[in-house]
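# Chains, contacts and geometry: an overview
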Amino acid sequence: INAAAYTKVDDAETHEDEALLVNGTGVGLLAEATAAHGAKLVTVSTDYVFDGTATAPYREWDATNPLSVYGRSKRAGEDEVRALTTKATVVRTSWVCGEHGANMVKTVLRLAAGHGEGAGTEQPTLKFVADQHGCPTFTEDLAGMILRLATARRPGVFHVTNSGATTWYQFARDILAAAGHDPARVEPITTAELQPPRPAPRPANSVLDNAALRYEGIPLLDDHHIPLERLVKHLTAGSP
C-alpha cells in the first residue's frame, strides 16, 4: 500500500520536478517492482486530477484534466500504473482530514480557539470559500476501505470518499457546530477573494462519485458528518 506522496499543493507549483519524482516516477517504480514479483499495489491518488468544470460528480472513468502541478504529478502516477500493470488499485480520494497532520478540521478548530479570548471580546468572523465543492474524507474510514480493497485484490480505479458533498464554507460551519461554537462566525467568500491568492488553481467541483464501489457491491463510507463529529470530539477532549 503506497501512502507516500508529495502533497504540498501550492509548493508543487515551484517544485515541479520534486512533485513528479515522488508522485509520478516513484509510483511507476513501485508498479514495476510489484508487477515483476507478482505483488499487489494499491496507491492513493486525488480529486485534483479533474479540472472541476463538470456539473455532476466525477466517475472513475471520466476524462482527467488537472489544473495544477500537483494534479498533473498525481495523474502521472496513475499513468505509470496503467502502463505497467493491470493488477494494481488506484484509490482517488479528496479533502482528507484526520487526527494526524495538517488538515481543515484542525485549522478551523485552531482559528476558533484563537479568537475571542476574554470576557466580552467579540469573536471575529472566519472566511472560507463557498465556490469549491467536494467530499470530505476521514482517514480512519479511508484506511479501512483501502485495506478492504487491498485484501480483496480488486484492481482498477476506485473513488473513495465519505458521502455527502459540501463546500469549504459549509464544512467550516459544520466543524464549528460540532465543537460547540457558533457556525454563524463563518462568512462565505469566492476563490477570487482569497487573500493572499493560492498559487495552485483548485477545481471548482471535485465531488467524486463512488461509482466503482457501488458496482462492486461494496458499502459506501458513512456521511462525512458522522466521522466529523467523532474527530472533533477526539481533538477537543479535555479542552475548556
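Residues numbered from 1 in each chain as written. Predicted model: local features only at pLDDT ≥ 70, side-chain atom pairs only at ≥ 80, totals over all residues. Heavy atoms only, no water.

## Description of the nonpolar core
One broad rule of soluble globular proteins: the nonpolar side chains tend to lie buried together. To keep it simple, the criterion reads: Take the buried residues of types Ala, Val, Leu, Ile, Met, Phe, Trp, Tyr and Cys, join any two whose side-chain atoms come within 4.5 Å, and each joined set is a nonpolar core. Remark: exposure states derive from per-residue accessible area (1.4 Å probe, protein chains only) relative to the maximum for the residue type, with buried under 20%, exposed over 50%, and partly exposed in between. Where helices and strands are cited, they refer to DSSP runs of H or I of at least four residues and of E of at least two residues respectively, numbered from the N terminus. Residue contacts are counted whenever heavy atoms from the two residues lie within 4.5 Å of one another.
Residues Met104, Val105, Phe128, Phe171 and Ile175 are the most contacted members of the largest nonpolar core, which totals 23 residues. A per-element tally of this core places helix H5 (residues 168-178) first, with six residues. With residues near it in sequence (within four places) discarded, Val105 still touches Cys97, Phe138, Phe171, Ile175, Leu228, Leu231, Val232 and Leu235. One finds Val91, Leu142, Ala150 and Ile218 within the second-largest nonpolar core, a separate group that totals 13 residues.

## Some remarks on unusual backbone geometry
The omega angle of the peptide bond from Gln195 to Pro196 is -5°, so this bond is cis rather than trans. Although it is not a glycine, Trp95 sits at a positive phi angle of roughly 45°. Assessed through its relative accessible area of 8%, Trp95 is described here as buried. The phi dihedral of Arg153 falls on the positive side, at around 55°, and the residue is not glycine.

## Considering the packing of helix H1 (residues 16-37) against helix H2 (residues 69-84)
Threshold: Here, axes are lines fitted to C-alpha atoms. For helices the fit covers the stretch in contact, and angles between N-to-C directions go from 0 to 180 degrees. For classification, angles of less than 35 degrees are called roughly parallel, those exceeding 145 degrees roughly antiparallel, those between 65 and 115 degrees roughly perpendicular, and all remaining angles oblique. Two helices that cross are described as forming a left-handed crossing if the nearer one is turned anticlockwise from the farther one by less than a right angle, and a right-handed crossing if clockwise. The nonpolar class holds Ala, Val, Leu, Ile, Met, Phe, Trp, Tyr, Cys and Pro. Asp, Glu, Lys and Arg form the charged class, and all remaining residues, Gly among them, are polar.
It is the contact of H1 with H2, at a shortest axis distance of 8 Å, that shows an interaxial angle of 15°. Taken together, the axes of H1 and H2 are roughly parallel relative to one another. Considering only the axes of H1 and H2, their crossing is right-handed. Each of Glu16, Ala19, Leu20, Asn23, Gly24, Val27, Gly28, Ala31, Glu32 and Ala35 in H1 lies in contact with H2, whose residues at this interface are Val69, Tyr70, Arg72, Ser73, Lys74, Ala76, Gly77, Glu80, Val81 and Leu84. Its residues placed into classes, the contact of H1 with H2 shows 10 nonpolar, five polar and five charged.

## Quick word on the packing of aromatic side chains
Using the following cut-off: Stacked, tilted and edge-to-face pairs are distinguished by plane angle, under 30 degrees for stacked and over 60 for edge-to-face with tilted covering the rest, among Phe, Tyr and Trp rings (Trp via its six-membered ring) whose centres lie within 6.5 Å.
Throughout the structure, instances matching the rule amount to six aromatic pairs. Here Tyr48 and Tyr70 contribute two aromatic rings whose centre-to-centre distance is 5.8 Å and whose plane-to-plane angle is 80°, an arrangement assigned as edge-to-face. Linking Tyr48 in the loop between strand S1 (42-46) and H2 with Tyr70 in helix H2, this pair joins segments that are 22 residues apart in sequence. Assessed through its relative accessible area of 9%, Tyr70 is described here as buried. Centroid distance Trp61 to Tyr215: 6.0 Å. Interplanar angle 15°. Geometry classified as stacked. Residue Trp61 is found in the loop between S1 and H2, and its partner Tyr215 is found in helix H6 (residues 211-215); the two are separated by 154 residues along the sequence. We classify Trp61 as partly exposed; its relative accessible area is 48%. Judged by relative accessible area, which is 58%, Tyr215 ranks as exposed.

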